[in-house]
Amino acid sequence: GNSVTQMEGPVTLSEEAFLTINCTYTATGYPSLFWYVQYPGEGLQLLLKATKADDKGSNKGFEATYRKETTSFHLEKGSVQVSDSAVYFCALREYSGGGADGLTFGKGTHLIIQP
Amino acid sequence: DTAVSQTPKYLVTQMGNDKSIKCEQNLGHDTMYWYKQDSKKFLKIMFSYNNKELIINETVPNRFSPKSPDKAHLNLHINSLELGDSAVYFCASRGTGELFFGEGSRLTVL
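The following paragraphs examine the structure supplied in this document. Position numbers for residues count from 1 along each chain, tracking the sequence in the order it is written. Going through the entries in the order they are written, you letter the chains from A and number the ligands from 1. Reporting in this predicted model follows two pLDDT cut-offs: at least 70 for local features of residues, and 80 or more for side-chain atom pairs to be given and counted; totals over whole chains, interfaces and linings ignore these cut-offs and use all residues. Water and hydrogen atoms play no part in the side-chain values, which are based on all heavy atoms of the structure.

1. Describing the interface of chain A and chain B
Note the threshold: Contacts are assigned to residue pairs with any non-hydrogen atoms lying within 4.5 Å of each other. Two parts placed together each lose some accessible area under a 1.4 Å probe, and adding up what both lose gives the buried area. Think of a salt bridge as a Lys or Arg side-chain nitrogen and an Asp or Glu carboxyl oxygen that are within 4 Å of each other. Contacts described as polar in this section are N or O atom pairs within 3.5 Å, which, within protein, must combine one atom able to donate a hydrogen with one able to accept it, while residues neighboring in sequence count only if both atoms come from side chains. Secondary structure elements are defined from DSSP: runs of H or I of at least 4 residues count as helices, runs of E of at least 2 residues count as strands, and each element is numbered from the N terminus. Throughout this entry, Asp, Glu, Lys and Arg are counted as charged residues, while Ala, Val, Leu, Ile, Met, Phe, Trp, Tyr, Cys and Pro are counted as nonpolar. The remaining residues, Gly among them, count as polar.
On the side of chain B, 23 residues touch chain A, which itself brings 19 residues to the contact. The junction of chain A with chain B conceals about 1600 Å² of combined surface from both sides, 58% of it contributed by carbon and sulfur atoms. Here Lys49(A) makes a salt bridge to Glu98(B), at a shortest N to O gap of 2.7 Å. Inspection of the chain A/chain B interface yields 4 residue pairs in polar contact (both at pLDDT 80 or more). Going through the elements one at a time, strand E5 (32-38), strand E6 (44-50) and strand E10 (86-93) of chain A are the ones with two or more residues in the side of chain A that touches chain B. A per-class count over the side of chain A that touches chain B returns 8 nonpolar, 6 polar and 5 charged.

Okay, structure coming up:
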C-alpha cells in the first residue's frame, strides 16, 4: 500500500533560520504529492503540490521538488518566521480508478519558530 | 463564503450517546471525505462519497455511519459513543487533485 514518512517533531528553529522537513513516500505508481499546513485550532490548508516528477511546488516562500529517483518531496524555506509555527503534513494521492481515493498523510511535523 | 463548513465545532457528550456532525461544501465537488485526527495529530481516512455512493470504508466500526442527502453534504453519525472516539473529525472535498478541508469538529466523550 501507499505510505508517507516524514521527520518526527517537534522541530524548533530560530527566526530567519533555514528550514528543511524531510518527506519520503512509497507508492506503486506515480502519485501526486502535497504539503498541507495546520495552524493551531484550524483545519488543514494546502501549502503546495506537485503532480509529476521534477515538478517544483512553491507558495509563501516554501518549496518542494518531486524527486522520483529518491521518492522524496522535502519541504524547504530559506528564512522562517514566527508565523510559520504550525504542523506540516506531507501527503500523496495515487489515482486508482475508483474516483474517490483520498490522500494518504504522513504523521505530521510540528514546527516551532522562536523569536 | 466558507468552502467546506462543518458543525458543530465542539461537541462534548457522555459515553453511550449518539451524535451527528454535519458537513457542507459549496465548491461543486463530486467527492467528499471524513478524516479522524487523533491526539498525536495522525490523520486517518474514514469514509469517502462520490456522487452519493460510498467508495471507501477504512475498517471503521459500524457505529460510524456517513449519510449524504445530496452531493454538497456528507454528515457523520456516531452511535453508542466510546471514550476512544474522542478526536477531531475533519470533512473534506476534492477538486482536481487536492482536498479542501473544513475547520474540524472536536469531539470529547466523557
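2. Quick look at the pattern of salt bridges
Taken as a whole and assessed by the stated rule, the structure comprises 8 salt bridges over all chains. Here Asp55(A) makes a salt bridge to Lys52(A), at a shortest N to O gap of 3.3 Å. When the shortest N-O distance is used, the salt bridge between Glu63(A) and Lys56(A) registers 3.6 Å. Where salt bridges share partners, they join Arg63(B), Glu82(B) and Asp85(B) into one cluster.

3. Things to note about the sheet that holds strand E8 (residues 73-78) of chain B
Residues and elements named next belong to chain B. Test applied: The pairing criterion is simple: DSSP has to find at least two bridges between the two strands. Structural elements are reduced to axes, namely lines fitted to C-alpha atoms, with helices fitted over the stretch in contact, and the angle between N-to-C directions of any two is expressed from 0 to 180 degrees.
Spatially, 4 strands are ordered E1-E3-E8-E7 in an open sheet, and the strand pairing comes out antiparallel. If you trace the sheet from one side to the other, it starts and ends with strand E1 (4-7) and strand E7 (64-70), each paired once. Across the sheet, the mean angle separating the axes of adjacent strands is 20 degrees when strand polarity is ignored. Sheet topology places strand E3 (residues 19-25) next to E8; 4 bridges connect them, and they run antiparallel. Note that in E8 the partner of Lys-19 across the bridge is Ile-78.

4. Here's the deal with the packing of aromatic side chains
Heads up, the condition is: Two aromatic rings, drawn from Phe, Tyr or Trp (for Trp, its six-membered ring), form a pair once their centres lie within 6.5 Å of each other, and the interplanar angle then sorts them: stacked below 30 degrees, edge-to-face above 60, tilted otherwise. Burial classes: relative accessible area under 20% of the type maximum marks a residue as buried, over 50% as exposed, and values in between as partly exposed (1.4 Å probe, protein chains only).
A full pass over the atoms with the stated rule returns 12 aromatic pairs over all chains. Seen from their ring centres, Phe105(A) and Phe101(B) are 6.0 Å apart, and the 65 degrees between their planes marks the pair as edge-to-face. Here Phe101(B) lies in strand E10 (residues 99-101) and Phe105(A) lies in strand E11 (residues 104-105), a pairing that spans two chains. As far as the burial class goes, Phe105(A) and Phe101(B) line up, both buried. When the ring of Tyr35(B) is compared with that of Phe101(B), the centres are 5.7 Å apart and the planes differ by 55 degrees; the resulting orientation is tilted. In this pair, Tyr35(B) is assigned in strand E4 (residues 31-37) and Phe101(B) in strand E10, connecting sequence segments 66 residues apart. Each member of the pair, Tyr35(B) as well as Phe101(B), is classed as buried. One aromatic cluster in this structure is built from Phe34(A), Tyr36(A), Phe89(A), Phe105(A), Tyr33(B), Tyr35(B), Phe90(B) and Phe101(B).

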